[in-house]
Amino acid sequence: MKVWVFCEERHGAPSPTALELLTKARELGEPSVFYVGEGGDGAFTALGAHGAVEVHRLDPGDRLPAAEAAAALADRVGDARAVLFGMGNLDRDVAGRLAARLDRPVAANALDLFVEDGAHAVATEILGGTLRVVKRIAADDPAIVVFRPKAFPAEETGGGMPEVVEVPLPETDAVMRVLERHEEPREGPDLEAAEVVVSGGRGLGDAERFRLVEELADLLGGAVGATRAVVDAGWVPYALQVGQTGKTVKPKVYIAAGISGAMQHLVGMKDSSIIVAINKDPDAPIFSVADLGIVGDVHQVLPKLIEALRSRGEG
Amino acid sequence: MKIAVCAKQIPDPATPYDLDPDHHWVVRPDDQVLDDTDRYGVEIGLQLAEASEGTVTLFSMSPAGTLQGIRQALAMGADKAVVISDPALKGSDAAVTAKVLAAAIEREGYDLVIAGTESTDGYTGVVPQMLAEHLGVPSLTFAKHVEAADGTLRIHRQTPEGYDVVEAALPAVVTVTAGVVEPRYPTFKGIMQAKQKPVEELSAADLGFGADDVGAAGSGTVVEGVTPVPARQAGEIVEDDGEAYLKILEILERAKVI
């Protein structure tokens, strides 16, 4: 049976989540990809290498094609086992609209999908990843499931170029047009791929003092992360947000500076190999996931650490 | 402009809550507050209404019949509220929630529907999009800036690398991120006035839903089991004595990242 994977193009390539979801799709059936973007041989070959048998490509032009993609998918997925989405913004837009169109439930924040007594069940975690919940999907196939990032490893299978099918842009009353695209310049290593992530929270005090975090990340060759509170306060751009509504990271070492550990943050970093936390409050929830917790003032600890790393670098 | 703002009442995130051992629902204390993320939607609604001599109507599902959080939003300045207050709604999933809200909003009439990107307690993050599909209108989502003029809505839509400027004709649904505006605090006068503002309470049946269409019965996902996730092995917690940074250095060395 067919299993669909939704894929939004990012800079000419498939979204990383789509490649991860293909791992699961192969296990469940025959993977088809619904691709939103211009596409090209490079992108399609990458999808084929990860197991996609066919790719249906919708080129949105200047549209934000949430309604169009949902309509086109609704026409295609009738006999499929499942439609898998990531947490990307367009992923969630299309998943919601598709589910409403097909009158199906959506299982969100999924970490796994499996078949149980002939029905689909998804595993998720709630309350900051402290409880694992298994939900049965009590509806006809296809199951519509939105997965958290890094739920599965992306794996190449050696597949060749998939069959590519053009999807004409469906008519809709819900037309949205993209007038301009703005990209904020990014420095340093990719947050989602970095071996070391140094994240800062409100405990840093203000945007000026958040620089300590950037300095430490720089010395360690790591990436800078931040909590939602810090992003909302405008100290750093959203691209640096780690957590439920931001990025999910699993670095070798995660250093949480001045972060209390709200659930929304914990879900984005708790699977890091080693977690170091520095916080004034001995009762901060971040200490419950820390391998090393330092109860103290970040403005005392970080400068000393930075100084020590500098002298090592010179020595 | 006739503005509908979706507002969710949730247990105060500061108070711990429990899971019902039989149904695995989150047991909500009677005391519920306005979801913090909805304050941004209310604020945007008020600003757009002020600029267009419009009105702001709140829409909320309240299986427990509580109104405390709605009063908070009314105190900020919203004109009135439509609350689908019905025990039959208990256990409703995102799909049912979207259908019920769509029916209530359609019944009232609207030019613009504003919602948060996701609730703090459930965070499915797809209800507004489902709502838009039921209403058959555009869904301008993840807005960090919103402007409305001459029957069109223009937003700055958050992207992983920055933002896109996206435009659509009204009527439409827009979802706003936290931080889009600074929500106002209710004034004393606002709090007093909120007690007098109209709150229309509807049942699911008033909107044409049968008992099997809503609540747990109408929902397509059934929680089967909840198990604790094995906690990470307890780490070492030390009080900083001025030398604690050395312990971080040790860990960095052991992990071979320096």
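Cut-offs used in this document
- Residues numbered from 1 in each chain as written.
- Chains lettered and ligands numbered in written order.
- Predicted model: local features only at pLDDT ≥ 70, side-chain atom pairs only at ≥ 80, totals over all residues.
- Heavy atoms only, no water.
- Patch = residues over 30% accessible without salt bridge, like charges linked within 9 Å, V, L, I, M, F, W, Y side chains within 5 Å.
- Areas by Shrake-Rupley, 256 points an atom, 1.4 Å probe, with all protein chains shown as cover.
- Salt bridge = Lys/Arg side-chain N within 4 Å of Asp/Glu carboxyl O.
- Helix = DSSP H or I, 4+ residues; strand = E, 2+ residues; numbered from the N terminus.
- Axes fitted to C-alpha atoms, helices over the stretch in contact; angles between N-to-C directions.
- Parallel < 35°, antiparallel > 145°, perpendicular 65-115°, else oblique.
- Left-handed = near helix turned anticlockwise from the far one by under 90°.
- Contact = heavy atoms within 4.5 Å.
- Nonpolar A, V, L, I, M, F, W, Y, C, P; charged D, E, K, R; others polar.
- Core = buried A, V, L, I, M, F, W, Y, C linked by side-chain atoms within 4.5 Å.
- Buried < 20%, exposed > 50% of the residue type's maximum accessible area, 1.4 Å probe, protein only.
- Buried area = accessible area lost by both parts, 1.4 Å probe.
- Polar contact = N/O pair within 3.5 Å; in protein donor to acceptor, adjacent residues only side chain to side chain.
- Pairing = 2+ DSSP bridges.
- Phe/Tyr/Trp six-rings, centres within 6.5 Å; stacked < 30°, edge-to-face > 60°.
- Lys NZ or Arg CZ within 6 Å of the ring centre and 35° of its normal.
- pLDDT = per-residue confidence, 0-100.
- Arc of directions from axis to C-beta.

Asks: Looking at this model, I keep getting lost on a nonpolar patch on the surface. Mind explaining?
Replies: Together, F188, I191 and M192 of chain B make up a nonpolar patch on the protein surface, roughly 320 Å² of accessible area in all. Here M192 of chain B is to be found in helix α5 (residues 188-194).

Asks: Is there a simple way to explain the packing of helix α8 (residues 298-314) of chain A against helix α7 (residues 245-254) of chain B in this structure?
Replies: For any two helices packed against each other, one specifies the crossing angle of their axes together with the interaxial distance. Across the interface, α8 of chain A lies against α7 of chain B with an axial gap of 9 Å and an inter-helix angle of 50°. One way to sum up the angle between α8 of chain A and α7 of chain B is to call them oblique. The chirality of how α8 of chain A crosses α7 of chain B is right-handed. When α8 of chain A is examined against α7 of chain B, the residues V301, K304, L305, A308, L309 and R312 of chain A are found in contact with a partner set consisting of Y245, I248, L249 and E253 of chain B. Split by residue class, the contact of α8 of chain A with α7 of chain B holds seven nonpolar, no polar and three charged.

Asks: How should the nonpolar core be read in this particular structure?
Replies: The nonpolar side chains of a soluble globular protein tend to be buried with one another. F34 and F85 of chain A are the most contacted members of the largest nonpolar core, which has 98 residues in total. Looking at this core, the element that brings in the most residues is helix α3 (residues 94-108) of chain B, giving nine residues. Look past the residues within four positions of F34 of chain A in its chain and what remains in contact with it is W4, V5, F6, C7, H56, L58, A69, A72, L73, R76 and V167 of chain A. Counting 39 residues, the second-largest nonpolar core is a separate cluster that includes L212 and A226 of chain A together with V238 and I251 of chain B.

Asks: Explain the interface of chain A and chain B to me, please; I cannot follow it from the model alone.
Replies: By a frequent convention, interface size equals the accessible area lost on bringing the separate parts together. The interface is formed by 84 residues belonging to chain A together with 69 residues belonging to chain B. At the boundary of chain A with chain B, total buried surface from both sides reaches about 6700 Å², with 57% on carbon and sulfur atoms. Three residues, R92, R97 and H182 of chain A, lead the burial of chain A against chain B; their summed loss comes to 9% of the area buried on that side. The tally of links between chain A and chain B comes to 10 salt bridges. A salt bridge links K144 of chain B to E184 of chain A; the nearest nitrogen and oxygen atoms lie 3.9 Å apart. Remark: the boundary between chain A and chain B carries 30 residue pairs in polar contact (both at pLDDT 80 or more). Residues that form the side of chain A that touches chain B fall into these classes: 41 nonpolar, 15 polar and 28 charged. As paired elements, strand β8 (residues 131-137) of chain A and strand β14 (residues 221-228) of chain B share seven bridges and run antiparallel to each other.

Asks: Would you take a moment to explain the packing of aromatic side chains for this structure?
Replies: Given two aromatic rings, one states the distance between the centres and the angle between the planes to describe the pair. Applying the stated rule across the entire model yields five aromatic pairs over all chains. Look at Y35 of chain A and F44 of chain A: their rings are 5.4 Å apart centre to centre, the planes differ by 75°, and that puts the pair in the edge-to-face class. You'll find Y35 of chain A and F44 of chain A in the same group, each marked buried. Ring centres of F147 of chain A and F152 of chain A lie 5.3 Å apart, and the angle between their planes is 65°; this geometry places the pair in the edge-to-face category. We classify F147 of chain A as buried; its relative accessible area is 0%. Directly above the aromatic system of Y185 of chain B lies the positively charged group of R39 of chain B, at a separation of 5.7 Å from the ring centroid.

Asks: Even after reading the chapter, I still don't get unusual backbone geometry, so can you show me in this structure?
Replies: It is generally the case that most residues other than glycine have a negative phi and that most peptide bonds are trans. Of note, the bond from D141 of chain A into P142 of chain A is cis; its omega dihedral lies within 30 degrees of zero at 0°. By secondary structure assignment, the location of P142 of chain A is in the loop between β8 and β9 (143-147). A cis amide bond links L170 of chain B with the next residue in sequence, P171 of chain B, at an omega value of 0°. Among the structural elements, P171 of chain B can be located in the loop between β11 (162-169) and β12 (172-176). Even without a glycine there, the phi angle at D103 of chain A is positive, about 55°.

Asks: Explain the confidence of the model for chain B here, please?
Replies: As a general rule, the predicted coordinates of low-pLDDT regions are not to be interpreted in detail. Residues and elements named next belong to chain B. Across chain B, the average pLDDT comes to 91, with 94% of residues at or above 70. Of all helices and strands in chain B, the one with the weakest mean pLDDT is strand β4 (residues 26-27) (66), whereas strand β1 (residues 2-6) scores best (98). For this predicted complex, the interface confidence score (ipTM) comes to 0.91, while the overall pTM stands at 0.90.

Asks: Honestly, helix α5 (residues 211-219) of chain A in this entry has me stumped. Any pointers?
Replies: Structurally, the α-helix is built with 3.6 residues per turn, so residues lying three or four positions apart point the same way. Residue and element names in this part refer to chain A. When α5 is considered as a whole, its buried residues turn out to be L212, V213, L216 and A217. What you see down the axis of α5 is that its buried residues fit within an arc of 135°, all on one side. Looking at the buried positions of α5, the neighbouring elements they touch are β12 (196-200), β13 (223-226), β14 (253-257) and α8. Looking one or two residues past α5, G221 carries a phi angle of roughly 65°, positive in sign.

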